[in-house]
Amino acid sequence: MNITLPKELSALLETETIELIDVRNKSEYDEVHIPLAKLIPLHLLPLKWKEIDTKKSIICICRSGGRSGQACTFLSTVGITASNFV
């Protein structure tokens, strides 16, 4: 599932427990990020995916949706369903 509007994300933050995964690199994250987002850069995701709380709804985010889409694809290969915020 793709989440496309900030209002949709805000509504999810208010109504359910989500795990927000920011897959940008650290310098991008340090520049600006959503406070609740956990940083797991895309290139480290194959090593760190077990740190994700799979009891929550998972949403991957990046700058434009490309890397977060790749993250969702990778997570599906390990049996985790994630939504892409584009």
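Note that the structure is predicted; figures quoted are calculated from it, not measured.

Visitor: Account for the overall build of the chain, naming residues and giving values.
Guide: Of the regular secondary structure elements, the chain holds four helices and five strands. Helices and strands in the chain line up, N terminus first, as β-α-β-α-β-α-β-α-β. Here the chain has a C-alpha radius of gyration of 12 Å; the compact-globule value for 86 residues is 12 Å, and the two agree. In terms of overall dimensions, the chain has C-alpha extents of about 30 × 30 × 20 Å along its principal axes. Looking at the chain residue by residue over its 86 residues, the buried ones come to 37%.

Visitor: Tell me about helix H4 (residues 66-77), residues and numbers included.
Guide: Taking 1.5 Å as the rise per residue, H4 with 12 residues should run 16 Å; its terminal C-alpha atoms sit 17 Å apart, in good agreement. When H4 is considered as a whole, its buried residues turn out to be Ser68, Ala71, Cys72 and Leu75. Within H4, the buried residues cover an arc of 100 degrees as seen down the axis, which keeps them to one side. For H4, the exposed residues set more than 90 degrees away from the buried face come down to Thr73 and Thr77. The inward-facing, buried residues of H4 contact helix H3 (45-48), strand E4 (57-61) and strand E5 (82-85). Positive backbone phi, at 85 degrees, marks glycine 79, one or two positions downstream of H4.

Calculation criteria
- Residues numbered from 1 in each chain as written.
- Predicted model: local features only at pLDDT ≥ 70, side-chain atom pairs only at ≥ 80, totals over all residues.
- Heavy atoms only, no water.
- Helix = DSSP H or I, 4+ residues; strand = E, 2+ residues; numbered from the N terminus.
- Rg over C-alpha atoms; globule rule 2.2 N^0.38 Å.
- Buried < 20%, exposed > 50% of the residue type's maximum accessible area, 1.4 Å probe, protein only.
- Expected span 1.5 Å × (residues − 1).
- Arc of directions from axis to C-beta.
- Contact = heavy atoms within 4.5 Å.

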